[in-house]
Amino acid sequence: MRTRRTGAGATRYEPGGLLGSAGPVGVMLTVESLVKHYRGRGGGVVRAVDGVSFSVRRGETLGVVGESGCGKSTTATMVVRLDDPTSGRILLDGEDITRARGARLRSVRRRIQLLFQDPYSALNPRLTVERTLAEVLQVHGLGRDDAARRARVDELLSLVGLSGSVARRYPHQLSGGQRQRVGIARALVVSPEVLVLDEPVSALDVSVRAEVMNLLARLQGELGLTYLFISHDLGMVRHISDRIAVMHLGRIVELGTWRQVSDSPLHPYTRALQDAVPVPDPEAEARRAAPVVVGDVPDAAHPPSGCRFHPRCAYAEDVCQRDDPLLREVGAGRFAACHFAERLES
Ligand code: SF4
């Protein structure tokens, strides 16, 4: 476990430290101390992302979960290089891509793709599915002629479980599930190694969510893809993730395997997210403990002192208003940013 002693004596989380004795071998994506600050409407500095670090192994899914405004989507747009960080580093397969520009950035974009939440607004309504996919092939210089590009479009549609007849249709002629499959096919045109999935099923009917999630799981197995899966829904994230990072107000507050984080959370905020996951059994629902979180997400331009979660936390003590808890190791491969994480374990 690669960790670093801080001056305060706590063991501080470092992204490569998730890999045990194997070191950085096998890491596909690393984010180091990523920060995104910008000037808000009132003139204050909005700390949208405020020192986020994680690694994702090749073929692994890291779920990133948190409420709206926690910084998870801003992290996603920086990872795919649609936005520049204020500071910090992004490494793709060991290569620093943080400031990649021009041809190098185009090459990065072939290796790491973003799947948008809303498949309808992400597709050009004036283009058929075939034109949508063929255009991406052309932009990237893939497919030597129209026939080769048509063959590749058919191959991509089949890969995402759509029939060839879909190629001639426009986005408004497709169901939500079909549109998101086209969105996935478009992301796969360039044969990426990493997919950043930003709420990929949130805009879909509940009835088709499972189908798209199963498709994503199958594609990951077949193509060896690495996923960064972003969602506000812990129940959704746990189904697809190997590990889960929980974000609150621009920071990771808990990180561990999906089972650790979703079944026995150590941070009160994670516990609140867990409480928000509906339980199908009404009796079990009635037996649930009182929620451990109150109020709305604080303003990222004026984060609370000490632990940023303290105004909403049922476990807060005086020290929480004063001292900002580090994300620290609280068990093998398990990290939490809470002064009393060990207490919650019992
Ligand atoms: Fe709650 Fe204190 Fe832990 Fe923050 S440090 S999550 S306020 S108990």
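The structure displayed is predicted, hence computed values, not measured ones. (Residues numbered from 1 in each chain as written. Predicted model: local features only at pLDDT ≥ 70, side-chain atom pairs only at ≥ 80, totals over all residues. Heavy atoms only, no water.)

Q: Before we move on, can you summarise empty space enclosed by the protein with the specific residues and values?
A: With a probe scaled to a water molecule rolled over the atoms, the places where space remains empty come into view. Overall, the coordinates contain 1 cavity of 30 Å³ or more when judged by the stated rule. Space inside the largest cavity adds up to approximately 80 Å³. As for the largest cavity, its lining consists of His267, Pro268, Cys307, Phe309, His310, Cys313, Tyr315, Ala316, Cys320, Cys338, His339 and Phe340. Class assignment for the residues of the lining of the largest cavity results in 9 nonpolar, 3 polar and no charged. (1 Å grid on protein atoms, 1.4 Å probe; cavity = no way out; pocket = protein on both sides within 12 Å on 5 of 7 lines; lining within 4 Å. Points joined across faces, edges and corners; volume = space filled by probe spheres on them. Nonpolar A, V, L, I, M, F, W, Y, C, P; charged D, E, K, R; others polar.)

Q: Before we move on, could you go through the site of the ligand and cite the residues and values that matter?
A: The immediate surroundings of the ligand are formed by 13 residues, with Cys307, Cys313, Cys320, Cys338 and His339 found nearest. When each cavity is represented as a set of grid points, the ligand is found to reside in the largest cavity. Across the shell around the ligand, the residue classes tally to 10 nonpolar, 3 polar and no charged. (Near = heavy atom within 4 Å. Sits in = over half its atoms within 2 Å of the grid points.)

Q: Talk me through the side chain of Lys72; I want residue IDs and the actual numbers.
A: Looking at the secondary structure, you find Lys72 in helix H1 (residues 72-79). For Lys72, the contacting residues outside a window of four places in its chain are Val64, Val65, Gly66, Glu67, Glu199, Ile230, Ser231, His232 and Met247. (Helix = DSSP H or I, 4+ residues; strand = E, 2+ residues; numbered from the N terminus. Contact = heavy atoms within 4.5 Å.)

Q: An account of the packing of aromatic side chains is needed here, citing residue identities and associated values.
A: Per the counting criterion, the structure on display carries 1 aromatic pair. A ring pair is formed by Tyr269 and Phe309, whose centres lie 5.4 Å apart and whose planes are at 70°; its orientation type is edge-to-face. Linking Tyr269 in helix H10 (residues 268-276) with Phe309 in the loop between helix H11 (282-286) and helix H12 (318-322), this pair joins segments that are 40 residues apart in sequence. Residue classification places Phe309 among the buried positions, given a relative accessible area of 2%. (Phe/Tyr/Trp six-rings, centres within 6.5 Å; stacked < 30°, edge-to-face > 60°. Buried < 20%, exposed > 50% of the residue type's maximum accessible area, 1.4 Å probe, protein only.)

Q: Which residues make up helix H4 (residues 129-139), and what values go with them?
A: Those residues of H4 that sit buried are Val129, Thr132, Leu133, Ala134, Val136 and Leu137. One or two positions beyond H4, positive phi appears at Gly141, with a value near 65°.

Q: How would you sum up the nonpolar core? Please name residues and give values.
A: Ranked by size, the top nonpolar core spans 89 residues in total, and within it Leu29, Phe54, Ile112, Ile184, Val196 and Leu228 carry the most contacts. Per-element tally for this core: the top contributor is helix H7 (residues 206-223), with 6 residues. Excluding anything up to four places from it in sequence, Leu228 contacts Leu29, Phe54, Val56, Leu62, Val64, Val79, Leu195, Val196 and Leu197. (Core = buried A, V, L, I, M, F, W, Y, C linked by side-chain atoms within 4.5 Å.)

Q: Go over the sheet that holds strand E6 (residues 87-92) with me, naming the residues and quoting the values.
A: Here 4 strands make up an open sheet; going across it, the order is E4-E3-E6-E7 and the pairing antiparallel. Each having just a single partner strand, strand E4 (45-57) and strand E7 (95-96) make up the two edges of the open sheet. The sheet contact formed by strand E3 (residues 27-39) and E6 spans 5 bridges and is antiparallel. When the sheet's bridge partners are listed, Val31 is paired in E6 with Ile90. (Pairing = 2+ DSSP bridges.)

Q: With reference to specific residues and values, describe the pattern of salt bridges.
A: Per the stated rule, a full pass over the model turns up 26 salt bridges. Between Arg89 and Glu32 there is a salt bridge, and its shortest N-O distance comes to 3.1 Å. Taken as a pair, Arg89 in strand E6 and Glu32 in strand E3 lie far apart in primary sequence, 57 residues in all. By relative accessible area, which is 34% here, Arg89 ends up partly exposed. For Arg57, the salt bridge identified is with Glu60, shortest N-O distance 3.1 Å. For Arg57, a relative accessible area of 29% translates into the label partly exposed. (Salt bridge = Lys/Arg side-chain N within 4 Å of Asp/Glu carboxyl O.)

Q: Could you give an account of the packing of H4 against helix H5 (residues 146-159), naming the residues involved and the relevant values?
A: In contact at an axis separation of 10 Å, H4 and H5 are set at 115° when each is read in the N-to-C sense. H5 is crossed by H4, and the crossing has right-handed handedness. Of the residues in H5, those in contact with Val129, Glu130, Leu133, Ala134, Leu137 and Gln138 of H4 are Arg149, Arg150, Arg152, Val153 and Leu157. For the contact of H4 with H5, the class distribution of residues is 6 nonpolar, 1 polar and 4 charged. (Axes fitted to C-alpha atoms, helices over the stretch in contact; angles between N-to-C directions. Left-handed = near helix turned anticlockwise from the far one by under 90°.)

This is a description of form; function is not addressed.
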